[in-house]
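Here's the letter readout for the chains.
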Amino acid sequence: MRMLLMMGAALAVASAQVTIEDIRKSPDKNWLTYNGDYSGQRFSSLKQITPANAGNLVAKWVYNFEGARRLSCVPVVYDGVMYVTNTNEVHALDARTGRRIWQYKSPGITNSRVNRGVAILGDKVFVVTNDAHLLAIDRITGGVLWDREYADAKKGYNATVAPLAIPGGILVGVTGGGSGQRGFVAALSPEDGHEVWRFWTVPAKGEPGSETWGNFNLDWGGAPTWTTGTYEPETNTVYWPTGNPWPDFHGDDRPGDNLYSDSLLALDGKTGKLKWHYQFVPHDVWDWDANEVPVLIDANWKGKPRKLVVQANRNGFHYILDRTTGEFLHAQPFIKRLDWAKGFDAKGRPILNPGKVPTTGGTKICPSVRGATNWNSPSYNPVTGMLYLVVLEQCDIYITSSKEPVPNSGFRGTGSEGVPAEPGEFFMRALDAATGEIRWSQPMPGPGKTWAGTAATAGGVVFAGDDDGNLVAYDAKTGKDLWNFQMGHTLYASPITFEVEGKQYVTIAAETDIYTFGLFEPARR
Amino acid sequence: MRWLCVLLLCCPSLAPAQKNPLAKDPAAIENGRQTFLGACSACHGASAQGGTGPSLVSGRMNRLNDGQALKAIKNGLPGTDMPPFNIPDDKVWEMVTFLRSLSRPAIALPPAGSAEAGAAVFFGKGGCSNCHRIAGKGGAIGPDLTNAGANMTVLQMREAIFEPNARVAPGFEAVTVTTAAGAVIDGVARNENNYSLQVLDKAGKLHLLWRRDVKQFKRRDGSLMPAGYDQKLSKVEATDLLAFLSRQSIRPYEAGEDR
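Cut-offs applied
Residues numbered from 1 in each chain as written. Chains lettered and ligands numbered in written order. Predicted model: local features only at pLDDT ≥ 70, side-chain atom pairs only at ≥ 80, totals over all residues. Heavy atoms only, no water. Helix = DSSP H or I, 4+ residues; strand = E, 2+ residues; numbered from the N terminus. Contact = heavy atoms within 4.5 Å. Areas by Shrake-Rupley, 256 points an atom, 1.4 Å probe, with all protein chains shown as cover. Lys, Arg positive; Asp, Glu negative; His and termini not counted. Charge placed at Lys NZ, Arg CZ, Asp CG, Glu CD. Phe/Tyr/Trp six-rings, centres within 6.5 Å; stacked < 30°, edge-to-face > 60°. Buried < 20%, exposed > 50% of the residue type's maximum accessible area, 1.4 Å probe, protein only. Lys NZ or Arg CZ within 6 Å of the ring centre and 35° of its normal. Pairing = 2+ DSSP bridges. Axes fitted to C-alpha atoms, helices over the stretch in contact; angles between N-to-C directions. Domains from an automatic or database assignment.

Draft legend 1. Local environment of the overall build of chain B. Across its full length, chain B holds eleven helices and seven strands. For the C-alpha atoms alone, the extent of chain B along its principal axes is close to 70 × 40 × 35 Å. Of the contacts formed within chain B by residues at least 6 apart in sequence, a portion of 60% connects residues at least 24 apart. As displayed, chain B offers around 12,900 Å² of accessible surface, 54% of which is attributable to carbon and sulfur atoms. Side chains of chain B carry 30 positive and 23 negative charges; the gap between the two charge centres is 4 Å.

Draft legend 2. Expanded view of the packing of aromatic side chains. With the rule as written, the count across this model stands at 39 aromatic pairs over all chains. Plain terms: the ring middles of Trp-246 of chain A and Phe-411 of chain A are 6.5 Å apart, the flat faces sit at 85° to each other, and that makes the pair edge-to-face. Highlighted residues: Trp-246 of chain A in the loop between strand S17 (237–241) and strand S18 (263–268) and Phe-411 of chain A in the loop between strand S29 (396–398) and strand S30 (416–418), separated in sequence by 165 residues. Assessed through its relative accessible area of 0%, Trp-246 of chain A is described here as buried. Taken together, the ring pairs connect Tyr-278, Phe-280, Trp-286, Trp-288, Phe-317, Tyr-319, Phe-328, Trp-340, Phe-344 and Tyr-398 of chain A into an aromatic cluster. Its end group placed over the ring of Trp-210 of chain B, Arg-212 of chain B keeps NZ or CZ at 4.7 Å from the ring centre.

Draft legend 3. View of the sheet that holds strand S23 (residues 328–333) of chain A. Residues and elements named next belong to chain A. Pairing is antiparallel across the open sheet formed by four strands, whose spatial order is S20-S21-S22-S23. This sheet does not close on itself; its edge strands, each paired only once, are strand S20 (295–301) and S23. For this sheet the average axis-to-axis angle between neighbouring strands, irrespective of direction, equals 30°. Note: strand S22 (residues 317–322) against S23, five bridges, orientation antiparallel. When the sheet's bridge partners are listed, Phe-317 is paired in S23 with Pro-333.

Draft legend 4. Broad picture of the domain arrangement of chain B. Partitioning chain B into structural domains gives domain 1 (8–103), domain 2 (115–166 + 225–246) and domain 3 (173–219). Just the C-alpha atoms count here: the centres of domain 2 of chain B and domain 3 of chain B sit 26 Å apart.

Next up, the structure:
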């Protein structure tokens with residue numbers, strides 16, 4: 001107790017450098033990347049909150065992010081300080097109290113978009129602006145150190161991604177699948193922002209893969225990179241997912257598979273060179289970005305330990321790949337309403353069901369454009385072997401139209417509308433990550449609005465946002481609903497957990513505010 | 001007056017579309033300031049923030065185009081206390097440049113002076129970098145000035161340097177905290193309320209404190225920023241320092257619409 005008091009008396013935030021080793025150990029008391037770790041598991045080693053006491057969680061503080069809406073950031077926490085973002089803004093908060101320590105607003109930009117959070121390394125936090133600059137900010141003072149443009153906003157480029165810090169590079173991506181930009185992943189120097197490498201997700205003319213586009217202008221291909229990928233330090237391999245080709249719903253002008261859209265890329269962390277790729281949806285005409293988190297897990301595959309990368313994709317299949325070679329091992333639907341493909345060939349190419357493509361008159365296809373899941377993060381508990389995610393069972397009427405493609409003109413080849421008599425249903429679902437089988441499923445009977453993800457903990461609790469603005473705690477093994485808190489907002493972000501002064505907290509961004517919860521304790525004065 | 005408002009504000013096309021020929025002359029700011037101090041400060045205040053006459057820092061000046069501003073100064077505003085001034089056009093234009101600078105970021109028209117010499121003052125004789133940081137160089141306890149040219153007007157810079165106690169930047173109030181454990185923390189309160197304190201000390205270390213664990217809390221009167229820079233720096237050095245700080249912007253300045 002005395003020690004606790006001493007700690008409470010003055011929590012001095014050391015100006016120690018955040019190291020790659022710290023990130024490898026995260027999430028422990030810290031939460032140091034968008035997904036907490038490099039693997040995308042979002043599995044915290046914290047155990048204070050358990051199924052036995054999760055019912056005692058209470059709100060600890062709420063931080064109103066002035067001027068925000070649709071807050072989509074996943075906070076990063078280091079040494080008792082929490083970094084949260086909105087478009088072109090970073091705020092540093094006392095993670096125990098929600099009191100602001102500093103804020104930085106990037107000057108001169110007015111058009112709004114979301115921002116998904118910061119990366120942290122050394123004495124800096126890194127954030128992208130909506131006009132595709134990477135900023136480095138002193139994590140203690142909030143002073144900006146440099147501002148480096150990495151894509152030309154005048155060409156329509158935008159950025160929302162939370163960067164990822166790996167040895168020698170801060171990884172960034174761009175949007176553009178809906179407006180005709182050429183996607184890329186880039187590593188920028190953590191020291192001064194100069195570009196270390198860039199991998200174009202649409203090849204240049206003559207390069208391998210360019211033959212998969214017909215005569216389409218490759219500068220317009222899309223394949224954006226707007227969510228944070230994952231990383232394996234042992235092999236220095238970056239796993240980065242890509243989005244849809246452009247125009248989203250009309251593929252006649254881009255005959256072929258349209259590499260590397262809707263793919264998972266394995267890139268060398270030092271050079272950006274492609275090690276392998278797997279394309280989830282060749283020649284996408286459904287807008288099924290593969291911008292979901294590729295989760296790196298070590299599990300048994302057919303009785304033998306194997307290094308896997310798994311992804312629950314927007315198209316409704318849970319994919320299991322060998323992460324060393326990219327070999328397709330298995331894909332299993334995690335929703336019931338799925339009819340676009342009936343299976344896969346030996347190489348992992350989907351076998352389409354006939355007639356399940358958008359038409360001018362409209363075709364009912366499952367899942368919906370919104371996706372069986374989306375960018376909102378899943379989490380994985382290596383003890384239960386389960387992947388936890390929020391899923392949507394819904395079909396859409398897909399409609400296509402043709403037009404001379406002009407980038408940044410608002411043209412997407414049309415889109416979709418709901419099936420009036422068949423409203424979508426959200427579920428919190430746990431999959432056996434190594435097979436894709438559904439282990440438990442909890443319905444969300446609310447109004448059907450959520451973009452929230454999940455976070456798993458060694459305490460055996462999984463946190464998730466539901467479709468009615470609740471943060472919910474579930475028993476990781478059984479799916480039992482243990483606790484909820486109504487925040488009154490649609491959720492657009494994924495929860496995190498961290499520890500300060502020996503206490504475990506859970507935080508999630510909710511539309512305009514950052515909410516933080518912890519176990520009840522009597523007030524002290 | 002009402003008629004004048006209608007004429008000036010609602011029907012700008014009727015007003016002469018004269019352009020200020022000295023709008024981009026860096027020397028005009030200081031020259032204009034001198035003329036303003038002599039002719040206008042009695043009513044509008046030495047810093048143009050208002051006295052018996054209205055403030056010229058706010059939107060009032062911005063609503064007038066150059067020609068209207070010249071005319072208002074030279075002819076006065078009938079029906080108000082604003083008299084006509086028999087001041088040569090070039091001197092009036094300098095004043096207009098000065099007045100515009102009051103509500104525009106310093107980088108829009110940095111004052112004349114050597115930015116290079118100003119950097120030497122900032123990192124040397126002036127001792128500014130002991131507390132202030134630019135692009136990661138310097139101390140942490142004062143406001144970061146990496147973007148000062150874009151975030152501040154020249155007037156605000158001048159006040160911050162030469163009248164440091166006129167106002168203390170939010171989050172930079174000097175405090176001394178003694179904790180129950182006996183630690184003494186000297187720094188600035190980045191935030192505080194009845195329940196917690198977030199203090200950045202002089203070594204650049206952040207202390208997150210519960211108020212209940214604070215034994216003694218002393219707030220220092222005024223700013224940590226030392227007074228006396230009007231004595232410590234020569235006029236040339238002061239101008240050079242302003243020229244340097246005015247150019248601190250993380251992004252290139254994109255000029256707005258010229259009036």
